[in-house]
Amino acid sequence: MNLDDNVTAVKGIGDKTAESFQKLGIEKIRDLISYFPRDYKNYSEPVPIRETSPGDRVAVFCQIVKNIAVIKGRRYQITTTVVSDGNDAMEVVWFNQPYLRYSLHKGEKLVFYGRVETRGSKKVMQMPETYGILQYQKMLKTMQPIYSLRKGISNNLIRKAIMECRDLMHMVPDPISEDVRDKYHLMTRSEMLLALHFPKSEDELRRAAGRAAFDEFLRFLLQVKAMRDENVQMGTDIKVTDEAITKLRGFVAGLPFKLTAGQGNALKEIFRDMQSGHAMNRLVQGDVGSGKTIVAASALLSVILSGYQGALMAPTEVLAEQHYQDLSKMLKPYKVKVCLLTGAMTAKEKRLVYADLASGACDLVIGTHAIIQDKTVFKNLGLVVTDEQHRFGVRQREKLASKGNHPHTLIMSATPIPRTLAIMLYADLDISVIKELPKGRKKILNSVIDVSFRPAAYQFIREQVKQKHQAYVVCPMVEESEAIDAENVIDYSENLQQELGRDIKVEYLHGKMKDADKVAILNQFSQGQIDVLVSTTVVEVGINNPNATVMMIENAERYGLAQLHQLRGRVGRGQAQSYCMFMNVKKSKQSVERLKVLEESNDGFFIAEQDLKLRGPGEFFGVRQSGDLNFKYADIYTNADMLKAAQEVSLTMSADTEGLTVTI
């Protein structure tokens, strides 16, 4: 075998299994050994039940004290029993494993390993692994990788396939010189691969994760360097006319609110760029709810009034649909033809949009990554706006910008990033910052609560709904069950519906739903047809419902502070007082300290600085942000030291990124 062989060369992988691997982005052996675990099981000494806390993944040595029961649920069969360590008892639950009633028996003593949760006042362990005491002794102090899975691929299958390729990892070349590795205490790439798949200790794993982050950061920074070199003094014939700016003043004057100083300054800088004769590359960074959309709308209208086309790319179909609805109404008086282009549209619908863009009949297209596909051709593209740019890769932005003859580029981001890191990450861009929130917005009132306050939290939601307001409840993903994140949200919404009563409409939303269904649910929520929306973090980006006044985040300790701040930003967008409740399940000293920052501040940039300070560099087992700057493995907070190292190294290298991809 060699690195460029198809995965079918690996023992145990046939053609059918190879098709499943392809859905994970694994075609060659090099892809397989570069498919890193998402987490690790750390098999530690069994502990008494009373010493476990919700959220802990632990082992307990217990006796089964109740007969095994199998209950047929609506979507799956539930196998359940009760175990005791002699002092305390705990319920254990498995989904779709009814055969366990024949292999587990009342009176049997076993080690149960899994994550502890709470259900009311009871402790519950869901989907535990079971071992005899001697069998578990062999597992002690080992770390087993957990991989992201798809249908037809089990964790054990990936583990065995990678084991077959272990010897090949020793032969992987390293593009980073020994001097650089020594200076920044980096593992070789071979050592990194072996440690990530077969870790011997937490310390070794942290070093391996650091090297993976370094590689990804370095590739990103060299891409940014290449873009900056290409963009320096790039001339363009696309200029916003004085007449268009005069008309735009009328548009701004007609708005039902006055622009903040930050919005006004951002527009001055944008128009200065777009009249300079050089292609604009500008980032508008503002906290959640600071009014970046109106800045983007103004810039797009000025370009359209100057005789050019505009494009706005959003990271999700839901956000693209929302921008389409809002901008269509906003720009209607100026007879701007706005088109929507998303992957969910029919082939016929897309063809009509393609034709209108090519002929110039469409003035503004709003969509997802479908905009950057080869079939999309513009007649005269003048301005490209990307919303929540951290969700797009550098090359995706570059591809959209290449659709015209050096069009201007405007990037919008609500992701608060510490200034020290932003200077590195946005090196190819000029930056405008909007610090203030629009007038009339009330400060969100925050509270960090534990599970004992859950009934009171539900009562508070009930009272807000009676006052004709709405609420979000955010749930984390399911992990150990290898089930989709939807099940947790569906179960929670069903339980919440029972708690709140049938007179309150509860609905759920999750990332595995079809885009059309997501849009339908959010439209119903924005129109007031849904009172409480139970969701995963799919609502994190850009969803706007001024009538929503409550955000309740379950298991808040599992998220990064910057992401929690983004989620909180879904409320407080109207005139009514809004509230955010952070449910701290684990209650560790560290999680209490971190969440206290959110309780005391609504300033996203201050929170980002505190997140960096509290987590510190190299914390592999910490809380990870969701999709920061489109990095797959690296995290700008926990791997800040590697980002700084990669930035120093990038200054000494050419912008050629060949061989630096994290995929070997």
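What counts, and at which threshold
- Residues numbered from 1 in each chain as written.
- Predicted model: local features only at pLDDT ≥ 70, side-chain atom pairs only at ≥ 80, totals over all residues.
- Heavy atoms only, no water.
- Helix = DSSP H or I, 4+ residues; strand = E, 2+ residues; numbered from the N terminus.
- Contact = heavy atoms within 4.5 Å.
- Buried < 20%, exposed > 50% of the residue type's maximum accessible area, 1.4 Å probe, protein only.
- Pairing = 2+ DSSP bridges.
- Right-handed = clockwise from strand over helix to strand, strands pointing away.
- Core = buried A, V, L, I, M, F, W, Y, C linked by side-chain atoms within 4.5 Å.
- Phe/Tyr/Trp six-rings, centres within 6.5 Å; stacked < 30°, edge-to-face > 60°.
- pLDDT = per-residue confidence, 0-100.
- Axes fitted to C-alpha atoms, helices over the stretch in contact; angles between N-to-C directions.
- Salt bridge = Lys/Arg side-chain N within 4 Å of Asp/Glu carboxyl O.

## Points about the overall build of the chain
Point 1. Within the chain one finds 23 helices and 21 strands.
Point 2. Principal axes of the C-alpha set define a box for the chain whose edges measure 85 × 65 × 50 Å.
Point 3. Of the contacts made within the chain by residues no fewer than 6 positions apart, 73% connect residues no fewer than 24 positions apart.

## Regarding the pairing of strand S20 (residues 548–553)
Point 1. Within S20, 6 of the 6 residues are buried, which leaves it mostly tucked inside the rest of the structure.
Point 2. Examined bridge by bridge, strand S17 (residues 470–474) and S20 share 5 bridges and lie parallel to one another. Bridge pairing in S20 links Tyr472 to Met551.
Point 3. One ladder, built from 4 bridges, connects S20 with strand S21 (residues 579–583); its direction is parallel. When the bridges of S21 are listed, Met551 appears paired with Cys580.
Point 4. Taken together, S20, helix H20 (residues 561–568) and S21 constitute a β-α-β crossover, and its handedness is right-handed.

## Some remarks on the nonpolar core
Point 1. In this structure, Ile270, Met274, Val295, Leu364, Leu383, Val385 and Leu410 are the most contacted members of the largest nonpolar core, which totals 37 residues.
Point 2. Of all the secondary structure elements, the ones that give two or more residues to this core are helix H10 (242–253), helix H11 (261–274), helix H12 (292–305), helix H13 (317–331), strand S12 (364–367), strand S13 (381–387) and strand S14 (408–413).
Point 3. With 9 residues, H12 is the largest single contributor of residues to this core.
Point 4. Dropping the residues within four chain positions of it, Leu364 is found in contact with Leu300, Ile304, Gly310, Ala311, Leu312, Leu327, Leu331, Val336, Lys337, Val338 and Cys339.
Point 5. Of all hydrophobic cores here, the second largest spans 34 residues; its members include Ala18, Tyr147, Ile158 and Ala161.

## Details of the packing of aromatic side chains
Point 1. A complete count under the given rule lists 9 aromatic pairs for this structure.
Point 2. Here Tyr43 and Tyr113 contribute two aromatic rings whose centre-to-centre distance is 4.5 Å and whose plane-to-plane angle is 35°, an arrangement assigned as tilted. With Tyr43 in the loop between strand S1 (39–42) and strand S2 (57–64) and Tyr113 in strand S6 (residues 109–119), this pair connects stretches of sequence that are 70 residues apart.
Point 3. Using a relative accessible area of 3% as the deciding quantity, one classes Tyr43 as buried.
Point 4. Residue class for Tyr113 comes out buried when judged on its relative accessible area of 2%.
Point 5. Ring geometry for Phe460 and Tyr579: centres 4.8 Å apart, planes at 85°, overall edge-to-face. In this pair, Phe460 sits in helix H17 (residues 454–466) while Tyr579 sits in strand S21, placing the two residues 119 residues apart along the sequence.
Point 6. The exposure class assigned to Tyr579 is partly exposed, which follows from its relative accessible area of 21%.
Point 7. Cluster of aromatic residues (ring-pair linked, three or more members): Tyr43, Tyr113, Tyr131 and Tyr136.

## Topic: the confidence of the model for the chain
Detailed reading of predicted coordinates is not advised where the pLDDT is low.
Point 1. Summary statistics for the chain give a mean pLDDT of 87 and a share of 91% for residues scoring 70 or more.
Point 2. Under a pLDDT of 50 for its full length, residues 478–487 has, in the predicted model, 22 contacts with residues more than four places off or in other chains.
Point 3. In the predicted structure, residues 617–628 sits below a pLDDT of 50 and forms 50 contacts with residues beyond four places in sequence or in another chain.

## Brief notes about the sheet that holds S14
Point 1. In space, the 7 strands of this open sheet follow the order S11-S12-S10-S13-S14-S9-S15, with parallel pairing throughout. Two strands lie at the open edges of the sheet, namely strand S11 (338–341) and strand S15 (430–434), each paired on one side alone. Across the sheet, the axes of successive neighbouring strands diverge by a mean angle of 20°, strand direction being ignored.
Point 2. Here 4 bridges tie strand S10 (residues 309–313) to S12, and the two strands are oriented parallel to one another. Directly across from Ala311, in S12, lies its bridge partner Val365.
Point 3. Lying over the sheet, helix H14 (residues 347–359) contacts S10, S11 and S12, oriented at roughly 135° with respect to S11.

## Points about the environment of Ala320
Point 1. With respect to the helices and strands, Ala320 occurs in helix H13.
Point 2. Given a relative accessible area of 0%, Ala320 falls into the buried group.
Point 3. The residues touching Ala320, leaving out its near neighbours within four places in the chain, are Ala314, Leu340, Thr342, Ile366, Gly367 and Thr368.

## Looking at the pattern of salt bridges
Point 1. Tallying each qualifying case throughout the model produces 18 salt bridges.
Point 2. The partner of Lys41 in a salt bridge is Glu129, with the nearest N and O atoms 2.3 Å apart. Of the two residues, Lys41 is situated in strand S1 and Glu129 in strand S7 (residues 122–131); the sequence distance between them amounts to 88 residues.
Point 3. Through salt bridges with shared partners, one network takes in Asp174, Arg181, Arg189, Arg211 and Asp215.

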